[in-house]
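Structural description and commentary
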Amino acid sequence: MISTVLPVYSRADIAFEKGEGMYLVSTEGRRYLDFGSGVAVNSLGHAHPHLVAALKAQAEKLWHCSNLYRVPGQEAVAARLIAHSFADTVFFCNSGAEAMEGVIKLVRKYHYEAGHPERNRIIVARGAFHGRTLATIAAGGQEKHLKGFAPIVDGFDRVAYGNLNELRAAIGPHTAGILVEPVQGEGGIVPASLDYLRALRAVADEFGILLALDEVQTGNGRTGKLYAYEWAGITPDVLGTAKGLGGGFPLGAVLATEKAASGMTPGSHGSTFGGNPLAMAAAGATLDILLADGFMEHVQKMGSLLWDTFGRLVKAHPKVLEDQRGAGLLQGLKCKVPNTALNKALLDRGLLAVGAGDNVERFVPPLIVEPAHIAEAAEIIDAACKELAA
Ligand SMILES: *Cc1c(COP(=O)(O)O)cnc(C)c1O
């Protein structure tokens, strides 16, 4: 008999009752150190007092009113995102896939309104992940996500991630834009080189096409800058983000320049729930902390510490670990054993992490992580690797 909840996940047989900072507590009362953050979502850990207070206060006033009216919370959050990014305008939605749908629509509409409706194809990268809607599985191009869901949405041309020659060769009269993740997340924590990102900007300018970034996972401080493109010293034309933006509240956003967004006019796009007052209260409180003096430096420091720690672990366990990858607090250990085996061994010892593609185990702790948590995680990983090597 089918489970009451549609069985589309392979879930661990564990349920959590509450969270406290870096830890989750299961219904059986066991404490787990959380280096998964609900897949890079709980950017400030669990039950952060500032977020709880903001959400409680808003919950007593107004949850939802629709986008038929002005939503002051949207104006405030958008203004802060704009002040701290390349963007001139922001669209709010509820998830990463929805943000990327918005990005794809915006790219197409830009050229349509500019008198080039034939420019409607987007160059995407092999190994990408952009979400689970029909357009975003087509953009991601993974067979395991597409199988059985034909007809596949058209309009995506795929090239090798990081290969500039292949990308240039794929540009034609129908090309509207380029879409990549600055660090491929689900694909196995694969960072693009900063030179590649700079070259994408130059190529987009050369051909008059838009540079779109998927910062659903890399955004909102995950790599130690508010958005990962900052590391390359470039700006995109449009960017989709979500995961960490609401600190655990479902929220996505499309950030765009005025020029790139010029085709988006009243009626051209929308969302019933997107940017409702509750979501905006969560995002506002999250941004208070992400944008506080010294917080990104903290993320950078913890990222370096985690990197050095993983370096030692890779050296110490050559039978289990092959390599390390990542940026900031988005890091992965490429495994020689199945990553599912490492994941289970960590879980058994009270450490939560997340699998990724290419047999990589992903570590995305809340950005509030401290050295003691990294040391605790390292001990657990060390013990798990010893067991797996035996
Ligand atoms: C998670 C993710 C998405 C999809 O986000 P959802 O909120 O699950 O729809 C899209 N792109 C990237 C890079 C992601 O990591």
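Residues numbered from 1 in each chain as written. Predicted model: local features only at pLDDT ≥ 70, side-chain atom pairs only at ≥ 80, totals over all residues. Heavy atoms only, no water.

If you check the domain split of the chain, you get domain 1 (50-290) and domain 2 (293-389). Of note, the centres of domain 1 and domain 2, computed from C-alpha atoms alone, are 27 Å apart. Between domain 1 and domain 2, the contact holds 20 residues from the first and 21 residues from the second. Note on domain 1 versus domain 2: buried area summed over both sides is about 1,500 Å², and carbon and sulfur give 63% of it. (Domains from an automatic or database assignment. Contact = heavy atoms within 4.5 Å. Buried area = accessible area lost by both parts, 1.4 Å probe.)

Let's shift gears to the site of the ligand. Around the ligand lies a shell formed by Ser 95, Gly 96, Ala 97, Phe 129, His 130, Gly 131, Glu 181, Glu 186, Asp 214, Val 216, Gln 217 and Lys 243. Contact distances for the ligand include 2.8 Å between an oxygen atom and a backbone N or O atom of Gly 96. Interatomic distance of 2.7 Å between a side-chain N/O atom of Gln 217 and an oxygen atom of the ligand. Against a free-state accessible area of 380 Å², the protein chains account for coverage of 81% of the ligand. For the shell around the ligand, the residue count by class is 3 nonpolar, 5 polar and 4 charged. (Near = heavy atom within 4 Å. Polar contact = N/O pair within 3.5 Å; in protein donor to acceptor, adjacent residues only side chain to side chain. Areas by Shrake-Rupley, 256 points an atom, 1.4 Å probe, with all protein chains shown as cover. Nonpolar A, V, L, I, M, F, W, Y, C, P; charged D, E, K, R; others polar.)

Another point: empty space enclosed by the protein. Across all of its chains, the model carries 1 cavity of 30 Å³ or more by this definition. As a volume, the largest cavity reaches approximately 40 Å³. Across the lining of the largest cavity, the residue classes tally to 3 nonpolar, 5 polar and 2 charged. (1 Å grid on protein atoms, 1.4 Å probe; cavity = no way out; pocket = protein on both sides within 12 Å on 5 of 7 lines; lining within 4 Å. Points joined across faces, edges and corners; volume = space filled by probe spheres on them.)

Before going further, it helps to spend a moment on unusual backbone geometry. Of note, the amide linkage connecting Ala 150 to Pro 151 takes the cis form, showing an omega dihedral of 0°. Mapped onto the elements, Pro 151 comes out in the loop between helix H6 (143-146) and strand S6 (156-159). One non-glycine residue, Ile 189, lies in positive phi territory at about 55°. Following the sequence through the fold, Ile 189 ends up in the loop between strand S8 (183-184) and strand S9 (190-191). Among the residues examined, Ile 189 registers a relative accessible area of 0% and is labelled buried. The backbone of Asn 359 sits at a positive phi, close to 60°, despite the residue not being glycine. With respect to the element layout, Asn 359 can be found in the loop between strand S16 (354-356) and strand S17 (360-363). Residue classification places Asn 359 among the partly exposed residues on the basis of a relative accessible area of 24%. (Helix = DSSP H or I, 4+ residues; strand = E, 2+ residues; numbered from the N terminus. Buried < 20%, exposed > 50% of the residue type's maximum accessible area, 1.4 Å probe, protein only.)

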